[in-house]
Structures are given as C-alpha cells and as structure tokens.
Amino acid sequence: MIAMNEEEILLFGPPKKIKELSFGVLSPEHIRKMSVTTIVQADTYDDEGYPINGGLMDPKLGVIDPGLRCRTCGSKFGECQGHFGHIELSRPVIHVGYAKEVYDILKATCKECSRLLLPEDRLAQYHTRLEEEGVRGSIRQAIIIEVLSEAAKKKGVIKDTTCPHCGTEQAKIKFDKPTAYKEGDKKLTPSDIRERFEKIPNEDVVLMGWNPECARPEWSILTVLPVAPVTVRPSITLESGIRSEDDLTHKLVDIIRINQRLRENLDAGAPQLIVEDLWELLQYHVTTYFDNEVSGVPPARHRSGRVLKTLTQRLKGKEGRFRNNLSGKRVDFSARTVISPDPNISINEVGVPLFVAKELTVPERATHRNLERLRGLVLNGSEAYPGANYIIRHDGMRKRVSDITKDILAEELDIGYVVERHLCDGDIVLFNRQPSLHRLSIMAHEVRVMPYKTFRLNLCVCPPYNADFDGDEMNMHVPQTEEAQAEARILMRVQEQIISPRFGEPVIGGSQDYLSGAYLLTKRSSFFTRDQVAQMIYVSDIPSASLPEPAKIEGDVPYWSGKQVFSLLLPSDLNIEYKAKVCQKCEMCEGVNCKYDAFVRIEGGRLVSGIIDGATFKARSNCKLLDKLVKDYGTDTGRIFLDSVTRLILQATAIIGFTTGIDDEDIPKAGAVLIDKIIFEGKEKVDKLIETYRQGYLEPLPGRSVEETLESKIMQALAEARDKAGDISERYLGMNRGAVIMAKTGAKGNMLDITQMSASLGQMSVRGTRLHRGYINRSLSSFKEDDLSAEARGFVSASYKKGLNPKEFFFHAMGGREGLVDTAVRTAQSGYMQRRLMNALQDMSVRYDGTVRTNDDIIVQFAYGEDGIDPAKSTYGKAVDIDWIVHKNLNSHTEG
Amino acid sequence: MSDSTINILKHNLVPEHVVLTPEEEEAFLVQYKINRYNLPLIKTSDPVIKMLEEEQNISLKGRIIKIIRTDSPAGEGVYYRYVIE
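Residues numbered from 1 in each chain as written. Chains lettered and ligands numbered in written order. Predicted model: local features only at pLDDT ≥ 70, side-chain atom pairs only at ≥ 80, totals over all residues. Heavy atoms only, no water.

> How would you sum up the overall build of chain B? Please name residues and give values.
What chain B contains, in helices and strands, is two helices and four strands. For chain B, the N- to C-terminal ordering of α and β elements is β-α-β-α-β-β. Across its three principal directions, the C-alpha atoms of chain B cover 40 × 30 × 20 Å. Taken over 85 residues, chain B has a buried fraction of 36%. Excluding contacts between residues fewer than 6 apart, the proportion of contacts in chain B whose partners are at least 24 apart in sequence is 62%. (Helix = DSSP H or I, 4+ residues; strand = E, 2+ residues; numbered from the N terminus. Buried < 20%, exposed > 50% of the residue type's maximum accessible area, 1.4 Å probe, protein only. Contact = heavy atoms within 4.5 Å.)

> Residues and numbers for unusual backbone geometry, please.
Residues and elements named next belong to chain A. In this chain, Lys 177 is followed by Pro 178 through a cis amide linkage whose omega measures 5°. As for its position among the elements, Pro 178 is in the loop between strand 3 (173-176) and strand 4 (180-183). With an omega of -5°, the peptide bond between Tyr 385 and Pro 386 qualifies as cis. The residue Pro 386 is located in the loop between helix 13 (371-380) and strand 12 (388-392) in this model. Phi angles above zero are rare outside glycine, and Asp 786 is one such case at about 60°. When you line up the elements, Asp 786 lands in the loop between strand 27 (769-770) and strand 28 (795-796). Of note in the backbone geometry, Asp 857 takes a positive phi value of approximately 70° without being a glycine.

> Run through the interface of chain B and chain A, naming residues and quoting values.
Each partner contributes residues to the interface: chain B has 18 residues there, and chain A has 19 residues. Looking at the side of chain B facing chain A, the largest losses of area belong to Tyr32(B), Tyr37(B) and Asn38(B), adding up to 43% of the total buried there. If you look at where chain B meets chain A, you find one salt bridge. Residue Arg69(B) pairs with Glu866(A) through a salt bridge whose shortest N-O separation is 2.8 Å. Between the two partners, chain B and chain A, sit four residue pairs in polar contact (both at pLDDT 80 or more). Residue assignment for the side of chain B that touches chain A shows that the elements contributing at least two residues are strand 3 (64-72) and strand 4 (75-84) of chain B. (Buried area = accessible area lost by both parts, 1.4 Å probe. Salt bridge = Lys/Arg side-chain N within 4 Å of Asp/Glu carboxyl O. Polar contact = N/O pair within 3.5 Å; in protein donor to acceptor, adjacent residues only side chain to side chain.)

> Please set out empty space enclosed by the protein residue by residue, giving values where relevant.
It is the rolling of a water-molecule-sized probe over the atoms that shows where space remains empty. Residue and element names in this part refer to chain A. Tallied over the full model, the rule gives one cavity of 30 Å³ or more. Considering only enclosed or pocket space, the largest cavity measures out at about 30 Å³ in volume. Breaking the lining of the largest cavity down by element, the ones donating at least two residues are helix 2 (28-34) and strand 6 (221-227). If one sorts the elements of the lining of the largest cavity by residue count, strand 6 sits on top with four residues. The residue inventory of the lining of the largest cavity, partitioned by class, reads seven nonpolar, one polar and one charged. (1 Å grid on protein atoms, 1.4 Å probe; cavity = no way out; pocket = protein on both sides within 12 Å on 5 of 7 lines; lining within 4 Å. Points joined across faces, edges and corners; volume = space filled by probe spheres on them. Nonpolar A, V, L, I, M, F, W, Y, C, P; charged D, E, K, R; others polar.)

Any functional reading would require information beyond the geometric quantities listed.
In structure tokens, the structure reads:
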C-alpha cells in the first residue's frame, strides 16, 4: 500500500479501504449530475486564445495550462483531475458498445407491453434459479442466455408468436450492424427503442442479466453525452504558436455541429428525410467517438487522412491503456545494456559497469554504526566512486549531492538521515532478460562493479535466461528497501535456482567448452606436472586444497592425473556411480573397466574412474553429479562447485589445447570406399523397389496403398543407408578429433551432424515426405516425370565436406527453408498460447492449507499439482529417493 | 443406463468416489474454511454420479463427493467435488 504522509492524512483523512466496486451504465440524470457545464459551442478558443465558455475547452472542465486555476474546484494544474461536461443530444442515439445487448432485449420483449416474452410461471422459475445460492459467474451467465433465447425464440418459427401477457402478435426483429434495427419492414428509431425499454419492469430486467439499480436498459440509448474533461484530451501548443487539438476534441466538435444542425432543422420543422439523414449522421459521429474501428462503419479521419484515435482505441491492445500503462510501466532504478561473458565471476554475480553504478542508488539509513562510512561517501560527491547522489533529511527533504554542496551535506549528515549511495560490490539486484517466459528469467545477482560498458554474466547462467552474446541486452533493477533486498537475496538468488522448478534438474550448469574441456581434463591419458596442477588449483580458487600423492612418477618427475585434480572439488564423503555421456551403451557394461572410460565412480570424494562430461554438470540434461551436490549438500556447495569447476576446466583446456577443423571430418580411403558402396547399395535397393512396384508385385502394408507402401519402404532403405554410412564414419573417427569430442561429450552437435559433414547428408524432406513438389510430377526440371528414384526425390549422397552439386544444393535449401518457417511459426503461436495461459492462471495462489485457489477462494486443487510435491526439491517426481538413501546407508554401514 | 451390464464404478481406471455424509461435509467445509460453492463441480449427468445415484437410490444434487485417486506420485490423491445439475 502507498504510504500517506501526515499532511495528506490531515487533508484527506485516513486511507480508506475499498469494500466493493460496482459497474453499471450511466443514466442521463447521472451524466447531468456529474457534469459541471453543458457544452453548446463547437469552438474551442476565441481569437485572443482564451477558452470559450460553453465551448469544448470550457475552463470549468479542468486546467491544462500551468499557472491557471480550475474554475470548478480551484486547484492548480496537476492537482485538478478535471471535470465532466455534457451535451444534450437533440435526438437519442444507440451506444455502439451496447448494440448487441439492445438487440437481445428487443428480441426478448413484447412490442406492446415490454414484458419478457415468457409466461408468468416460467419467469417465476427463472427467478428462483437465479436467486439460488452459489449461482454466479458462468453459471449465472448460462441462465441469462437461456432466458433471452427462450424468450426470443417464441417470436421466430416455433409455435406461439404472441405475447403471453397481452396477446400481441410479435414481429421479427432484424439487426443491421452496427446500430440499426428493423421490426418486420419498419425501421426502429432509437427513440422507439428507448420508449419500449422504459416500460420494462425491473423484475424482467433482472432476468435479462441487468441490475436495474445501476443499469436500466434504456440507459444504453444515449440522450445525453458525457464530455470528457480537458485533462483527458489536452490541446498542445506547437512551437509556431499554433494550437493542435486532441482527436477526442475533434470528434466532439463534429458531434456538437451535427447536433446543432439537427436541432435547428427539428425546430424549423424540416422534412422527415432531412431529419433522418442528420440523425443518422449524429449516430455515426457518436459511434466513432466511442469506437473508430467498428466493422461496417468507415473510420472517422483527420483532415490529413489519418484515422482518429478515439476512446476504444485508447484502451485496446498492446499499446492501449491497460497493457501499456496499467499492467506494465516504466520504472526508476533500472538499467539496460548489452551483456558479455565473464567466466571469472561467480554465477551469483553480475558485472555492472562503473557508469551504471554511479547512476543507480541504494538508500541507506544512517545509524551510529555506518554514519562515518556514509559521511565518507557523501564527501566523495556524486562524481567520484563510491559516492552518493542524494541525502534525505528527517523531514523528508531531498538534497542533491554536488561538488559544491557535498562538504556542507557531509557535515549535516546525522543518524536517521537516508543516504542514496552508489551501487557497491555485494549489493543485490534483479537481473532480467526478455522474453520473461518463466520465473528464472528474473533472478537476483550480487553486484560486481567493473570498468567498460557491458553487463558481465557467468556463462553457466545463460541457459535459464536463454542468453547468448551476439548483441543480447538485459535489464537490471535495484530493490530499494531492506525487505525487498532480503527477499531477493533469500528467494531469488541465482544459486537458489540451480534446480529448475519445471524439470527438477539443474538449469544452471556447464555447456559447450566446459564439457569438452572436462573431457580433456579427466580422460585417462591426461597427466599434469606439479606446476600445472598448482596453477589450476590457484585459478579455480579451491579452498584448502592439498596436493594428493602423484599418480605416477616418470623419471624423477611426478605427474598427477586429471581425475585427481577434479577430485579436489568434491566433498570428501561423496559416493556416486553413473554412466557418462560418452557411454556407448554396450550390451554388457564392464563397469570400472569400460574401454571408453564411460563408467563414472566417485568414492569418498575421489573420482576413481570415468570421464567427466555432459552427464556430470551440463545444464538441462539430467546431469547426475551437480544434481546430487545441490540436493544433498545444499546450494552453497553447488554454486562453489560450478564456480570452481568451470575455472579449473578453462585452465586445463588452456594447458592441453583444443581445436577443431575440417580435417576432423577426414575419413581414410578405406572408409570412404565403404561409405560410397553403402550409399550405392541403398540407391540400388530403391531402384529394385521401384521396379517391383512398376511390375505390380509390391505387396501393400496393412492400412496403406501401394504407393504409400513404396514410399515408406524407400524412406526406410535410404535411412538405413545413411545410418550405416554414419556407423562407418563413426568407426573411423575416434576421440582424437575435436569434432567428435564435442559431439560425444554433449558440448556441441551430435554424431548425426558429423555424419552429414563426413559421409552423406541423406534424405531431405518437407512435411515428412521426400521432396516431390515443384514441377508437374517431378521435383526439378532436370528429372523425368514420375521419376521415383532416390536422386530425383531429394536424396543427397554427398557430404558437406565433399560438397553438393546444384541439384543437391537446391534440395538441401528446400529442407532448410521448412525448418526456418517452422521455428518462426512456432514461436509466434506458442507466445500467444502462453499469454492466454498466463492471463487465465495469474491470480491463483497456493494457500497455507496447501490448496490452490483463485482470488475469490474457489478451490482449483486440494494440493499443489494434486500431489503437493515441489519438483525442485524432489528427485525425478518422487518425494524421496529411496534407492539413494539405501545406497548411502549401506555404504556407510559397511564402512563403519 | 439402467440396463447397462457394466458397473463403471468397478473399472480400474475410475477412481473411488465416496459420497460424504452430512456430518463429514460439515467437518470438511470447516476444515477448508470454505462454502460448498467454492468447490470444483461435477454434474449429475456425469456417468459416475448417475451410477452412484442409481446404486444408492438417492439424489446426489447438492452433496459433496470425495474422489480418491491412487495413481498419484504422492500415493493417495484426494479431490472433492460439489454435485450440480
């Protein structure tokens, strides 16, 4: 709640609590009552530039010029929110917003007696149904629709078309959108309709879903038009001194002009035709005043041809009042700039440029503990860092700290003053990247002030933000109260979000070179000298690390294995076994003796066997070790592990070196021949299949036509050929190649990509079928019609390395285009879907009794997720990991 | 429905539906500090409700049904619904 100061409380009394809101339709009396003046003049200002009394800019309507006082309330500019005026319409007009409701009511009521066209007993029944307890919202709405349609149907084809109350025969009502109605062949004027509505008894109004106390149906036909205060439609004075009026004012001018002409004609007793024309014109202007995008009505335009922005347009859509000014606002204490990577800061931190830190401030209240420090900051002024920009005195006076005032202000500073000091290392800030699709899109980071102009970000936090550094920008917000800071630090800090509430596995973790680097560090053949090990330990900031016994001594030189170095990061009581990403999924797992070293075993915090790779700490990939560390040892351990392991790996990579190049895809002659043969055989098989088909011997598969069968068999044969080629290339490309290391450790790419680079691209497809569109019965003009062979239908036997011929290249582009279009369409669709879901679910909350309820206390779930489990705190959907507990206790038991 | 030979209440994909007694209803409403209209709804036209009404030969409109699901990861998942027309 917004705190009021004492002065405000004296002026307005204590803050009031809103008990309820009621929405209704303004009655003519109400409009006149809230109006301060009738507007009769279509002009705004006179020749001297003063507003005309009774004109659209009547000074009673509020103040828009600084220095003047309001003629109604006496307040100054900025204090007076403005006052409504009104226009007396010469003839009533329909309010477009209620046109549909007017139609519904016309259909449901009698033309003579205005009663609902339902017999008394039905009316009574509906009354009791509506009054039943718990009838509201959609249930109530359903009853009302039932009433209206049941009453309206009687007039139509079915049975009785007479009124059950007075016996009058009812005519059929036609609705000419947007604002005209016909009864049979006769036009219904707004006056006729209004007359009818006035006679509807209140009891019947209730059944039509209106509350007669605040919304009588006849009020939807306007006889008086409210004129918005000038503060809502201010006129702007251009530099040249010419006044430019708001769109709403223009529209009101039109309305008054036509209204006046209509009145004059009526008074003069003009012919019916002319009056009707003017009336219609008045209806048009009033309609477009409310909504300038009604279908069937040409939009009102400015003299320049620009479409006017009237009331509805102000509210509607993304740039409307609701989405732009109420749901979302611009805020203070925020910054936005380009992001760049920094592997040397913690995942908890964010690098803040110095010039940002000097602009954004944190209010700090002076106590006897921090008074001297704050005084020092004030003495530094606002230019030097760390300094202060403002001090706030006991009485709430804000004073800017400048070079001239800083000495006096520092002197004046006292306990209880608030100093708005520069952002410092260790301050907590919120960091955000759009689109903010999940709660991890805004996390709390600790500030680290740095030179240059970008926000610096640890690479492990890229996945939750979905950030990269190709020019991405991010936003930062500084919480201003101690409460907000504590909340951010405890709930939103990055390390608390390592495990995603969505998957229950880490979303923050290594990626790309951290994974290939981990492989280089921990593979069996990696050994390091004492100097190298010392360097790695120093860089990775491992607390109290002591060098273990060297793994081997060659000559006189001791060597330590990468596994030993890695073990330094692990808690000493950690025991775990899992399969690394490089695992080949052999039929018989050989455990520790795995020839690929893919069986990870950690005993007492020592990495006994296995390669560290994606399965250990890659973000969003069901990684075993990081998950275990965070869940069993806490988020601090998890954060320290990530910070250290990434720096360790980078150092190791720097020592060992890593590269990839086009020669990573070189396949020895023998392999190349084998691949060519396999591809050739695949094509031959396809030709054979086509031959069988042409001869009519092809047996159709159940549920498919012969053509479909052929197509699926061809696809199968070619996929098989490609897979086989892939296997061959995999056999010849070992772990000594950078590209293979990256694919197998989960750093980047996969084996399929390598196959495509080295062996063959395989079948191109659009919409899951082989390429066949383009020309009549063929994909390209270079083939014969109905050629079903592999080449003619988009099979690319070349590899990226070998290079594609023109036909292959075109096929490849066809497949590639589909992928691009799909992603574009998918993001647009899922974005809209998510928006709707969010709007529907946003005000549900988990209550203290564990139930999930909407804001009006309707229960949605009796336990969150129907099981009350927090995925981030559970193990793979289970509340407790029994296997793990047993495993752990058995181990400690045997050891003890 | 009446001459149906299958009792859907016994089907293994249909969770157990229990009709709360008036006393149980009272206690339940107090426990959740709620009135019955704030509960999730189930219609009398629902096959399970129809079946229950037939079996016990009573009208269930306005009563509260307790649904016990056993396929929940938490073991037993309990859900309540208010019967409407």
